[in-house]
Amino acid sequence: MTDKNNPRPRRLRFEIFRYNPEDPESKPHIETFEIDERPYMTLYMALSEIRETLDASLQFDFACRSAICGSCGMLVNGRPALGCRTLTADLPEEIRLHPLPAFKLIGDLSVDTGIWFREMAERTEAWIHEQLPFDPDAEEQRMSDDIAAAIYEGDRCIECGCCVASCGVANVNPEFLAGAGLNRIARFMMDPRDGRTDADWFEVVAGDQGVFGCVGMMACADVCPKELPLLDVYAYLRRRTLGTKIASG
Amino acid sequence: MTPQVITTDVLVIGGGLAGERCAMEAAAAGQEAVILSLVPPRRSHSCAAQGGMQAALGNCVKAEGDSPQVHFLDTVRGSDWGADQEVANIFAEEAPIAVRELAHFGVPWTRVRGGTNIYFIKGEFVDIEEPLENDGLITHRDFGGTAKWRACYAAAGTGHAALYAVDSEVVRLGITVRDRAEAVSLIHDGTRCHGVVARCLRTGTYFAVMAKATVIATGGYGRIYGGYTTNATINYGTGAALALNTGVVPLGNMEAVQFHPTALSPSGILITEGCRGDGGYLLDKNLHRFMVDAEPEKQELASRDVVSRHMMQCIQDGNGVDSPNGRHLWLDIRHLGEEHLTTKLLEVFDICRDFAGINPAHDLIPVRPTQHYSMGGVRVNKDGEAYGMAGLYAVGEAACWDMHGFNRLGGNSLAETLVAGRVVGARVAEYASGATLHANTGLAFDALNAEEQRTQSLLSREGSSRSVYEIRDSLGEIMIGKVGIFRNGADLSSAVDELKVLIFECDKAVLKQKGPGANPELAFALRLPGMLRLALTVAMGALARTESRGAHFRVDYPLRNDQDWLSRTLVRWQQNAGEPTLSYERVGLMDLPPGHRGYGSDERIEMEASLEEYNEGVLDSQSAEGRLESSEAMGSKLRRYSGGAA
Amino acid sequence: MKTTTGSLKGADSISKARRQVIYELISGCTGLVLALFMWGHVILVGSILTGERGFDWLATLLEDYYVAQPTVAAIFAIFIVHAVFASRKIPAQLRERRQMIELAKGLKQSGREKVPSRRDNSPFVPHLESMLWIWQVRTGMVILVIGSFHLILLGIDVFTPLFGPGPGIDSATSMGRVAAGLWLPYSILLLCVEFHAGVGLYRLAIKWGSGVLPSRHILHRIEQLIFWVVLGLGTLTLLVLAGWMSPPLEFLLSGVSP
Ligand SMILES: Cc1cc2nc3c(=O)[nH]c(=O)nc-3n(C[C@H](O)[C@H](O)[C@H](O)COP(=O)(O)OP(=O)(O)OC[C@H]3O[C@@H](n4cnc5c(N)ncnc54)[C@H](O)[C@@H]3O)c2cc1C
Ligand code: HEM
Ligand code: HEM
Ligand code: SF4
Ligand code: F3S
Ligand code: FES
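Residues numbered from 1 in each chain as written. Chains lettered and ligands numbered in written order. Predicted model: local features only at pLDDT ≥ 70, side-chain atom pairs only at ≥ 80, totals over all residues. Heavy atoms only, no water.

Looking at the coordination of the iron atom of ligand 3
All names here are of chain C. Put simply, the rule is: For Na, K and Ca the donor cut-off is 3.2 Å; for every other metal, N, O and S atoms count as donors within 2.8 Å. Water does not enter the count, which can leave sites looking incomplete. Each label reflects the angles at the metal, where four donors whose angles all fall between 85 and 135 degrees are tetrahedral, four or six donors whose opposite pairs open beyond 155 degrees and whose other angles stay between 65 and 115 are square planar or octahedral respectively, and the rest are irregular. Note on conventions: DSSP H or I runs of at least 4 residues are helices, E runs of at least 2 residues are strands, and numbering of each starts at the N terminus.
The protein atoms that coordinate the iron atom of ligand 3 are His41 (NE2) and His150 (NE2), at distances spanning 2.0 to 2.1 Å. Coordination geometry of the iron atom of ligand 3: the six donor atoms subtend angles of 87 to 179° at the metal centre, consistent with an arrangement described as octahedral. Placement of histidine 41 in helix 1 (residues 11–45) and of histidine 150 in helix 5 (residues 129–163) is noted, with a sequence separation of 109 residues between them.

Concerning the site of ligand 2
Residue and element names in this part refer to chain C. Convention followed: To be near a molecule or strand, a residue needs just one of its heavy atoms within 4 Å of it. Counting of polar contacts relies on pairs of N or O atoms within 3.5 Å, with two restrictions inside protein: one atom must be capable of donating a hydrogen and the other of accepting it, and residues adjacent in sequence are counted only when both atoms are side-chain atoms. Amino acid classes used here: Ala, Val, Leu, Ile, Met, Phe, Trp, Tyr, Cys and Pro are nonpolar; Asp, Glu, Lys and Arg are charged; the rest, including Gly, are polar.
Within the structure, ligand 2 sits among 23 residues, and Leu34, His82, Trp133, His196 and Lys207 are positioned closest to it. Here tryptophan 133 contributes a side-chain N or O atom positioned 3.2 Å from an oxygen atom of ligand 2. One nitrogen or oxygen atom from the side chain of lysine 207 is found 3.3 Å from an oxygen atom belonging to ligand 2. Broken down by secondary-structure element, the contributors of at least two residues to the shell around ligand 2 are helix 1, helix 3 (68–86), helix 5 and helix 6 (171–209). Each residue belonging to the shell around ligand 2 can be placed in one class, and the counts come to 14 nonpolar, seven polar and two charged.

Section: the packing of aromatic side chains
Heads up, the condition is: Aromatic contacts are taken between Phe, Tyr and Trp rings whose centres are within 6.5 Å, Trp giving its six-membered ring; a plane angle under 30 degrees counts as stacked, one over 60 as edge-to-face, and the others as tilted. Our definition puts a charge over a ring when NZ of Lys or CZ of Arg is within 6 Å of the ring centre and also within 35 degrees of the ring normal.
In this structure the tally under the stated criterion is 17 aromatic pairs over all chains. Where tyrosine 23 of chain C meets phenylalanine 85 of chain C, the ring centres are 5.2 Å apart and the plane angle is 50°; that geometry is what we call tilted. You can see tyrosine 23 of chain C sitting in helix 1 and its partner phenylalanine 85 of chain C sitting in helix 3, a full 62 residues away along the chain. An aromatic cluster of three or more residues is present, and its members are Tyr44, Phe60 and Phe62 of chain A. For the cation-ring pair, arginine 178 of chain B lies above phenylalanine 207 of chain B, with the distance from its terminal atom to the ring centre recorded as 4.2 Å.

Here we look at the pairing of strand 13 (residues 257–264) of chain B
Residue and element names in this part refer to chain B. We apply this condition: Residue burial is assigned from relative accessible area. The probe radius is 1.4 Å, only protein chains are included, and a residue is buried under 20% of its type maximum, exposed over 50%, and partly exposed in between. For two strands to be treated as a pair, DSSP must find no fewer than two bridges joining them.
Across the eight residues that make up strand 13, a large majority, eight, are buried. Of the strand pairs in this sheet, strand 13 and strand 16 (residues 365–374) are connected by six bridges, and their pairing is antiparallel. Looking at strand 16, one finds that leucine 264 is bridged to valine 367.

Some details on the domain arrangement of chain A
Residue and element names in this part refer to chain A. Rules: By convention here, the domain bounds are inherited from an automatic or database domain assignment. What makes two residues a contact is simply this: any of their non-hydrogen atoms within 4.5 Å. The term buried area refers to how much accessible surface (probe radius 1.4 Å) is lost by two components on association, counted for both of them together.
According to the domain assignment, chain A contains domain 1 (11–98) and domain 2 (112–248). With centres defined by C-alpha atoms, the gap from domain 1 to domain 2 works out at 31 Å. Listed by partner, the interface residues are ten residues for domain 1 and ten residues for domain 2. Together domain 1 and domain 2 conceal approximately 760 Å² of surface at their shared face, both sides included; 59% is due to carbon and sulfur atoms. Where domain 1 packs against domain 2, one counts three residue pairs in polar contact (both at pLDDT 80 or more). Among the elements that line the side of domain 1 that touches domain 2, the one with the most residues is strand 4 (residues 79–82), at four residues. Of the residues assigned to the side of domain 1 that touches domain 2, the class counts are six nonpolar, two polar and two charged.

Overview of the sheet that holds strand 24 (residues 581–586) of chain B
Sheet strands pair via backbone hydrogen bonds, and the direction of the pair is either parallel or antiparallel. Residues and elements named next belong to chain B. Stated precisely, the cut-off is as follows: All axes are obtained by fitting lines to C-alpha atoms, using only the stretch in contact for helices, and the reported angles, taken between N-to-C directions, cover 0 to 180 degrees.
The strand order across the open sheet formed by five strands is 19-17-12-23-24, and the pairing between neighbours is mixed. Each end of this open sheet is capped by a strand with a single partner; those strands are strand 19 (399–400) and strand 24. As paired elements, strand 12 (residues 251–252) and strand 17 (residues 377–379) share two bridges and run antiparallel to each other. Bridge pairing links glycine 252 to glycine 377 in strand 17. Most of the contacts of helix 15 (residues 520–544) go to strand 24, to which it runs at about 60°, and overall it touches strand 12, strand 23 (567–572) and strand 24.

What about the coordination of the iron atom of ligand 2?
Residues and elements named next belong to chain C. Here the iron atom of ligand 2 is held by His82 (NE2) and His196 (NE2), and the distances to it run 2.0 to 2.1 Å. Seen from the iron atom of ligand 2, its six donor atoms lie at angles of 88 to 178°, and the figure they make is octahedral. Of this pair, histidine 82 sits in helix 3 while histidine 196 sits in helix 6, and the two are 114 residues apart along the sequence. Since its relative accessible area comes to 16%, histidine 82 is described here as buried. By relative accessible area, histidine 196 is classed as buried at 17%.

Points about the site of ligand 1
All names here are of chain B. Here is the rule: Reported accessibility uses the Shrake-Rupley method at a 1.4 Å probe radius. Residues are deemed covered only where the shown protein chains occlude them.
The environment of ligand 1 is made up of 38 residues, and the closest members are Ser44, Ser46, Glu397, Ser413 and Leu414. Note that an oxygen atom of ligand 1 is positioned 3.0 Å from one of the backbone N or O atoms of glycine 51. Isolated, ligand 1 exposes 1,000 Å² of accessible area, and the fraction of that covered by the protein chains is 98%. Sorting the residues of the shell around ligand 1 by element identifies helix 1 (17–28), strand 2 (33–37), strand 9 (181–188), strand 16 and helix 11 (412–434) as the ones contributing at least two each. If you tally residues by element for the shell around ligand 1, the top one is helix 11, at four residues. For the shell around ligand 1, a count of residues per class yields 14 nonpolar, 21 polar and three charged.

Digging into the packing of helix 3 (residues 145–155) of chain A against helix 6 (residues 178–189) of chain A
Residues and elements named next belong to chain A. Our working rule: Throughout this description, any angle smaller than 35 degrees is read as roughly parallel, any larger than 145 degrees as roughly antiparallel, any in the 65 to 115 degree range as roughly perpendicular, and the remainder as oblique. Here is the rule for handedness: rotate from the far helix to the near one, and if that takes an anticlockwise turn smaller than a right angle the crossing is left-handed, while a clockwise turn gives right-handed.
Remark: helix 3 packs on helix 6, axes separated minimally by 9 Å, with the N-to-C direction vectors making an angle of 160°. Considering their axes alone, helix 3 and helix 6 lie roughly antiparallel with respect to each other. Crossing of helix 3 against helix 6: the hand is left-handed. Contact residues: Ile151, Gly154 and Asp155 in helix 3; Asn183, Arg184 and Arg187 in helix 6. Along the lines of polarity and charge, the residues of the contact of helix 3 with helix 6 split into one nonpolar, two polar and three charged.

Quick look at the side chain of arginine 572 of chain B
All names here are of chain B. The residue arginine 572 is located in strand 23 in this model. Its relative accessible area of 16% is what places arginine 572 among the buried residues. A distance of 2.9 Å separates a polar atom in the side chain of arginine 572 from the backbone oxygen of valine 248. Setting aside chain neighbours within four positions, we find arginine 572 in contact with Leu244, Gly247, Val248, Val249, Pro250, Pro580, Thr581, Ser583 and Glu625.

Remarks on the pattern of salt bridges
Worth spelling out the cut-off: Salt bridges, as used here, are contacts in which a Lys or Arg side-chain nitrogen is within 4 Å of a carboxyl oxygen on Asp or Glu.
For the coordinates displayed, the defined rule picks out 85 salt bridges over all chains. Across the pair arginine 216 of chain C and aspartate 222 of chain A runs a salt bridge, and its minimum N-O distance is 2.8 Å. Here aspartate 222 of chain A lies in helix 8 (residues 219–223) and arginine 216 of chain C lies in helix 7 (residues 216–241), a pairing that spans two chains. Taken as a pair, arginine 216 of chain C and aspartate 222 of chain A share a single burial class, namely buried. Between lysine 500 of chain B and glutamate 579 of chain B there is a salt bridge, with its nearest N and O atoms 2.5 Å apart. Linking lysine 500 of chain B in helix 14 (residues 489–508) with glutamate 579 of chain B in the loop between strand 23 and strand 24, this pair joins segments that are 79 residues apart in sequence.

What follows is the structure, given as structure tokens:
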């Protein structure tokens, strides 16, 4: 952003990772682009400008451009963040952009988070295992507002994949459910509508793909754009799993 | 590389709430379903809906006495009598079921807290005693244009919670989802639809999907307004364009474009109506609540078209706040308190913090009216079947099922996606189970070839031209400047001319990038003609409609004209024609005769004919336009829901 | 409709999950025991601060009542068990370890300022703990080498008197060898152990207690405080052992007869 004493806008230098797996001639490399900063510029605006004026082949993903759809995770100077929500004013003049690690690369800054999350949902059966079928004529099952609020808190994850990309374990162990997966499990665990027992949960949540794969690097919680209390979630899952373990001998 | 042809029973284009709910219904009935989506389904724009979903459960004190009847009345009044009342009736009756079903799928609806609750209503804090026996039921918040508190909500992430719950069910049902796949044309023989040609956005290759039934659920077309929209960057309206390109299927009421009063200025990111529902004010540059003067009864909570117009008027009268990015007004929610803002309106709090750098508990929010919702879309009958083409359906914002008429009420859209998803999904399943698949691969290959050729000719253009992005920017400027909130004949006809020039320019546009793979520029260049065509249908429809109704406001014809315009615009684009053709049908069978909405102006030109006379001609006028007969099964269902609304 | 629970199910993977939980418990518990022991250790060895008499009195006491011998054996065992189970989490391949280090460095170097958070457990900016974990692994390796050597040395010290002549742990031997050059490995070991144990305990607290215990920032402060206090004590101890400083607390025992 321009400051008052110096009306000239900053010149931003973007160092962007480039690679198009569909092009046999393409090799991973870094390319540099320069543009002028504008007030309230986000990385979404900056990247669009680069694509529209400097290099039309640049691949990246944005959809909602308002930090709710989770499309636009990328490594910004080494840290996973939502591109649409990152103001260039918060960054130095040199901005390094890389695709999120831990996911399959589609090209340049675009990665395949959709497949990762669908697989995660299938593995953890991330849907309500209801006790009774739906009765269209019946009143809704009651629930205290406090429980509803607690579930909503867990439901706020936007599946941007920042937590996964920031986690050392998830980067080397593709099976690891990581922040988003564990958070999703906890969300269903605390839902009174879900009929799964602690013993059912044990198999999903325990073990090295589950919460015991986490070594406490805590990057996930630091980068989560929704500021989900991921560390509290893991501790809750650990304690609850141990409780199950002891109770069942 | 040989192109791929996939076959299935039901093909749904679009993984938003409407598409997914529809696919679920088909899959649950035993049909194989495939969903195509530009993005992983959970990233569809439905996730951005914040405020709530209308359903007349009547659970909290301020909702007492609510019923589907009252909801129906609000919806029709909101539509400025542009809605199909039969559809609005089905909708209002089914909405409570849809909400409860979502609860069943896991949506954490905010619940009634029995005991004393403090609400903020019309400028003051009010203590209300919620009866203990209602504790734990789904609660409501106030929204614009409704007689009762009716919007069910999950904090400020209603669409997100709903979409995740529905997508969970899609995963559970094992429905195939091809994300990053874009439908680019329909495979049809002029009377029947057989599927689509799609482009893979990972690799850039084309494939065809052949299906017994094809459902368009591609959402709205807000992006024809360039950056002046609250819609996601993926809301190009391609679904409507696909239907338009058949030359047979008409689009309905394209000129009915909603502007939301409170989008963050300048980014256009939506600040939910829930803010005003929960007690927020609109202020002008003198921090005066101008809505109290303009609408003493509903104040900030009149319907969106009315509030947006008052805001624009206020700005035009010189009471807007100057800023480097144009004039805006203020939304004030400071008095609701940080506690409320970081729980029930958390997403709003975050948006203000992240995109405007302000804390809404201490600062005013700069807002201005911005394009928000497309009432128009693929014209369908009560079952969701497209006019003029068997086996083609449309649902959600992409459709003109037409319960919104000329103005959608806040919260009615989420409800529509789910109700219509259920209703149309059931019909699709029924149709698909009766139909046989005409795996006419010849047709598929022809369509595939046509697309490949289109791409090749696009890539082989040489020379210099404006870039596709520049053309897009011009499109946005024309639409917001001349087809915006206040419209007039002169501007509209110049918009029509300019759009035609753009279409011509687009046909010549040269790409900078011809490389292999997804090629984002190519992908955009393939969509742009569709966007321009839609824009032209909007502008032409608006030019032809010489009255003001709902969101369509003509400064040169400021009155609603029920004598001449109690009709729905239909627009077709004949193959190889230079411009679309307009025609009209009656809006539908009416229970509630046209009258005053209860807010906005009471002046209008009355219809001379009686309601009976009007209703008499409805079905004929619609059949003449290609409406397919509703199915027997739906018919009986409809009978169950229709009648006795007024 | 799929309604069965899980692709993760199946007799085989149940026992696998169970086994992995037990491994985690073992590494956590042994880590906890070792860390607590190290606090005791700094006090026991720290007795040298009261002079040679105090140190020898304590050593003899522990040996005469056969506390020292089993403790050494047990600690040695726990030490090895911890090393084995904790290192399960270290990626086997060099490439993977590099990847982790790159990532952690990037996270730590990225200085993006953030708007203040609403939460108790608000982010660390820049992010720290990934790098701390890498250092935990590195220090663990060092501890394994020097610590084993040290334990063997002490094992010889405490067990030889059981079978023949030997002084056991005594100040003269200790001071002799520290002065002779062991001060160097010991100071490295000291630094590594205190760091590793401090961070380890902090991590244990977060892993099991987040949401119940005080916030991450407070726990981090506590961890740092303990780290510096124990490191200080240990350093003094080393200085005295090496003979570079006279025991500062000798006056305490000045009136006591031997
Ligand atoms: C910011 C915002 C807030 C809103 N808040 C509310 C609210 O509080 N209450 C309310 O009732 N309504 C609200 N609405 C309106 C409501 O969210 C939408 O109208 C509704 O979600 C539309 O759902 P849909 O399923 O029809 O379309 P979408 O959710 O937009 O889904 C469209 C789908 O189609 C896919 N698609 C598009 N084109 C193609 C193609 N060519 N090929 C393949 N796939 C394609 C996309 O990938 C996407 O999956 C809001 C809208 C906005 C913009
Ligand atoms: C006296 C010596 C040691 C002490 C006091 C100690 C203490 C601890 C503690 C308290 C933890 C935290 C456990 C957890 O988070 O679950 C830990 C973890 C760890 N220790 Fe040690 N440790 C010691 C020696 C070693 C040795 C010799 C190694 C071997 C290389 C080692 C490697 C590790 C590793 C890799 C971890 C991380 C494990 C994980 O995060 O799951 N430690 N240690
Ligand atoms: C039961 C087992 C242990 C006994 C009896 C013991 C005893 C001693 C003694 C007597 C000394 C003085 C120096 C010497 O004689 O060489 C010493 C110093 C030291 N020991 Fe141990 N030790 C034990 C375990 C450990 C372990 C497991 C570690 C860490 C891995 C450790 C780390 C150190 C360090 C760093 C010093 C240097 C002095 C200091 O700064 O405290 N010891 N120990
Ligand atoms: S937990 Fe946070 S970082 Fe991870 S996917 Fe969800 S929103 Fe993104
Ligand atoms: S970063 Fe990874 S190791 Fe655990 S605390 Fe977060 S999941
Ligand atoms: S574009 Fe949707 S989160 Fe960034």
